[in-house]
Amino acid sequence: MFVIIHNTRLYLFHYIWHTSPKQRGPHYRISRPGLPAVDFQKKRHLHCISMKRDVTALLTDALEALGVSPCPHIEIEVPREDSFGDLSSPVAMTMAKALKKAPRKIAEDIVGRLKDNPIFEKIEIAGPGFINFTFTKSYLLSSLQHLLKAEKAFLRENVGEGKKVLVEFVSANPTGPLHIGHARGAAVGNALCNLLAESGFTVDREYYINDAGRQVRLLGLSVYARYQQLTGNEVPFPEDGYRGQYIDDEASALRAERGETYKGISFDICGTEITSWTYSRMLVLIRKDLSRFGVTEFDAWISEKEIFAQGEVANAIETLQQKGFIYQHANALWFRSTAFRDDKDRVVIKSDGEYTYFASDIAYHKNKLDRGYDTIIDIWGADHHGYIPRIESVMQAFGYDISQFRVILVQMVNLMKHGEPFQMSKRAGTFVTLSDIIDLVGADTTKFIFLTRKADSHLDFDLDVVTATSAENPVFYVQYANARINSILTNAREKGLEPAQGVDLALLAESAELVLIKKLLTYPMVLENAARSFEPHRITFYLQELAAMFHTYYHNHRVIGEDAALTHARLSLCSAIRIVLSDALGILGVSAPEKM
RNA sequence: GCGCCUGUAGCUCAGACGGAUAGAGCAACUGCCUUCUAAGCAGUGGGUCAGGGGUUCGAAUCCCUUCAGGCGCGCCA
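Please explain the packing of helix H10 (residues 245–258) against helix H11 (residues 267–293) as it appears in this structure.
For any two helices packed against each other, the geometry is given by the interaxial angle and the distance between the axes. Orientation of H10 relative to H11, taken along the N-to-C sense of each, is 115°, at an axis distance of 11 Å. Of the two possible hands of crossing, H10 and H11 adopt the one that is right-handed. Between H10 and H11, the contacting residues are Tyr246, Glu250, Ala253, Leu254, Glu257 and Arg258 on the first element and Glu273, Ile274, Trp277, Arg281 and Met282 on the second.

Quick question: what am I supposed to make of unusual backbone geometry here?
Glycine aside, a negative phi is what most residues show, and trans is what most peptide bonds show. Phi at serine 171 takes a positive value of approximately 45°, unusual for a residue other than glycine. The topology assignment puts serine 171 in the loop between strand S4 (164–168) and helix H8 (180–198). Serine 171 gets classed as buried once you look at its relative accessible area, which sits at 14%. One non-glycine residue, phenylalanine 534, adopts positive backbone phi at about 55°.

Help me out: how do you make sense of the sheet that holds strand S6 (residues 300–303) in this one?
Working definition: the strands of a sheet are paired by backbone hydrogen bonds and lie parallel or antiparallel to each other. Strand order across the open sheet formed by 5 strands is S6-S5-S4-S10-S11, with parallel pairing between neighbours. In the strand order of this sheet, the two ends are held by S6 and strand S11 (405–410), each with one partner. On average, each strand axis in the sheet is inclined to that of its neighbour by 25°, with strand direction left out of account. Strands in contact with H8 are S4, strand S5 (202–209), strand S10 (375–381) and S11; relative to S5, the strand with the most contacts, it is inclined by about 155°. Contacts between helix H15 (residues 388–397) and the sheet are confined to S10 and S11, with S11 contributing the most and set at about 165° to the helix.

Teacher, can you tell me more about the pairing of strand S3 (residues 130–135) here?
Successive residues of a regular strand alternate their side chains across the two faces of the sheet. Burial analysis of S3 places 5 of its 6 residues in the buried class, which makes it a mostly covered element. Here 3 bridges tie strand S1 (residues 87–89) to S3, and the two strands are oriented antiparallel to one another. Counted as the bridge partner of serine 89 is isoleucine 131 from S3. Judged from the 6 bridges that link them, strand S2 (residues 120–126) and S3 form a sheet pairing that is antiparallel. Opposite glutamate 124, over in S3, you have asparagine 132 as the bridge partner. In sequence, S2 turns back onto S3 through a hairpin of 3 residues, with glycine 127 there showing a positive phi of about 55°.

Got a minute to help me understand the pattern of salt bridges in this structure?
Side-chain pairs of opposite charge can arise whenever the charged atoms involved come near each other. Throughout the structure, instances matching the rule amount to 27 salt bridges. Where arginine 341 meets glutamate 392, a salt bridge forms, and the shortest distance between an N and an O atom there is 2.6 Å. A residue pair is termed long-range when its members are at least 10 positions apart, and arginine 341 in the loop between strand S8 (332–335) and strand S9 (346–349) and glutamate 392 in helix H15 qualify at 51 residues. Judged by relative accessible area, glutamate 392 falls into the buried class, the value being 15%. Measuring nitrogen to oxygen at the nearest pair gives 2.8 Å for the salt bridge that ties lysine 366 to aspartate 370. In this pair, lysine 366 and aspartate 370 are both assigned in helix H14 (residues 357–370), 4 residues apart and thus about one turn of the helix distant. The network of salt bridges with common partners includes Lys152, Arg156, Glu198 and Asp583.

Rules used throughout
Residues numbered from 1 in each chain as written. Chains lettered and ligands numbered in written order. Predicted model: local features only at pLDDT ≥ 70, side-chain atom pairs only at ≥ 80, totals over all residues. Heavy atoms only, no water. Axes fitted to C-alpha atoms, helices over the stretch in contact; angles between N-to-C directions. Helix = DSSP H or I, 4+ residues; strand = E, 2+ residues; numbered from the N terminus. Left-handed = near helix turned anticlockwise from the far one by under 90°. Contact = heavy atoms within 4.5 Å. Buried < 20%, exposed > 50% of the residue type's maximum accessible area, 1.4 Å probe, protein only. Pairing = 2+ DSSP bridges. Salt bridge = Lys/Arg side-chain N within 4 Å of Asp/Glu carboxyl O.

As structure tokens, this is what we get:
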């Protein structure tokens, strides 16, 4: 058995290796503190709780009554303009070809069947054939009531339907501290996992440790060299060695811990021990950095070295050989990836008899597949994009469908300083660690900035700009809205205004209030779309919009006033806004402070 | 040379499976704190969606092409 992390929470490779998700029990689900898991089973019995689902159901009925069967996917969107109603559907236009009728005529037929439904204030046909729905106030208020009562369960769509997803992210080599690029992968991966877990998927989070290759050996050799120098034994520093300050620190720590034990001893003899000692400490460091960053919930840390030790690499290649996808050429063993999606075949065993890095990756991905996940997501730096076809080929070679596999490429972060690119190199020792950035900018801000961009868009992270404008950072804007509401609710409580039974929400008559309620009710759609597209950044944009609407409302209307009944109604609205704000921030992995 | 990503307001970026008059923040300028948090609010200006062609009722979105930037193309990891 191999201990992966030297920590009170031990992750044993043995456990990962031999425990299939099935054995963990059908109810296994990751839940984070403060956000208990939703019971989707229960939710199905509720009615009138989602604008989108209600409209979809009614449209489906209408289309079936018009002889459309089976009913296709119905698109529902939140229109750009308020004058286009609360929800809109282009379904009449998309059906035009199939039905061989004019879009507006189809729309009229549909509307004819819906217009008497009491949940709609009005239904209009607009433009080339949009059907625009406007809800009645009573419908909106009863939905708000549901939101207040059901809270989190109200906000969820069961996108995943219990499907098992494995997300592998960060997976930085344990050769030094994490930097800004890893941080982006961590922020995106963490938010995505939260999002999927909250959307009805069963999510496992995994970190793959490349502890078997040359890089880790170089790490050990670097520390070895510095250590020898500290003991007065001048050995040349390895040409490709790691040169950061942390290497010196590790060498000092090694000397403090082990004294002169290794002085003058050749690397051939003590190298394995020093390397193992060093990279274990690097893993602890990485874990600590991730923890400071608020990303701590990996379910498994998978060791490449252990995959070798368990014979999985040899087995995987043997399996491919039996399937006829391995051949020998020029003293090396090749995987015939061109049989699938790759543009050239790939070496798995070099002519010197060593496995390539790709070989252990084959074994690792086979291992993932064999564990029975419905979907496997890898989050990689964009510089690894050329790797996708060969891994997809591996999937297919083992007989799996590549639609089960999804790589999310996280684009490079250009670290800037004074508007100039700041080149980082771990080996040259010129890099800004994640830890530095957390000290400088803060974990919340850093995460939020990463999550205001699509994963595949390039991103300039200017240390000057980010620190100088931190007071105007959008994350504070959103958190401030939450803190303000909290302050109002606290004030109300101190004045003895406890939320009474039978709050009359109908007193919320201001147009700003109805617009806010509608915005709250679109939140489940935002989550659903974000989960379906694996794009957590959509939540970030929604949050900014909702916060802006609240700040405006706050400025124009007093919540706590003379009229007790109105006060209660407005306090309820504020509570609902706070539920959504803190829920969304929680999914993004950003804190929702009560005071600021 | 081939492949992947990107190109939208002065800057940083959104823009949903092709949908209605292309949006937000920052920066700039002008107002608003004796009232629940001014890390806030209100207002003003700002666009050939890199260029060109195509597909159709409709294109920032799909296809082709040119240009620009980034990344990748090893018996490295």
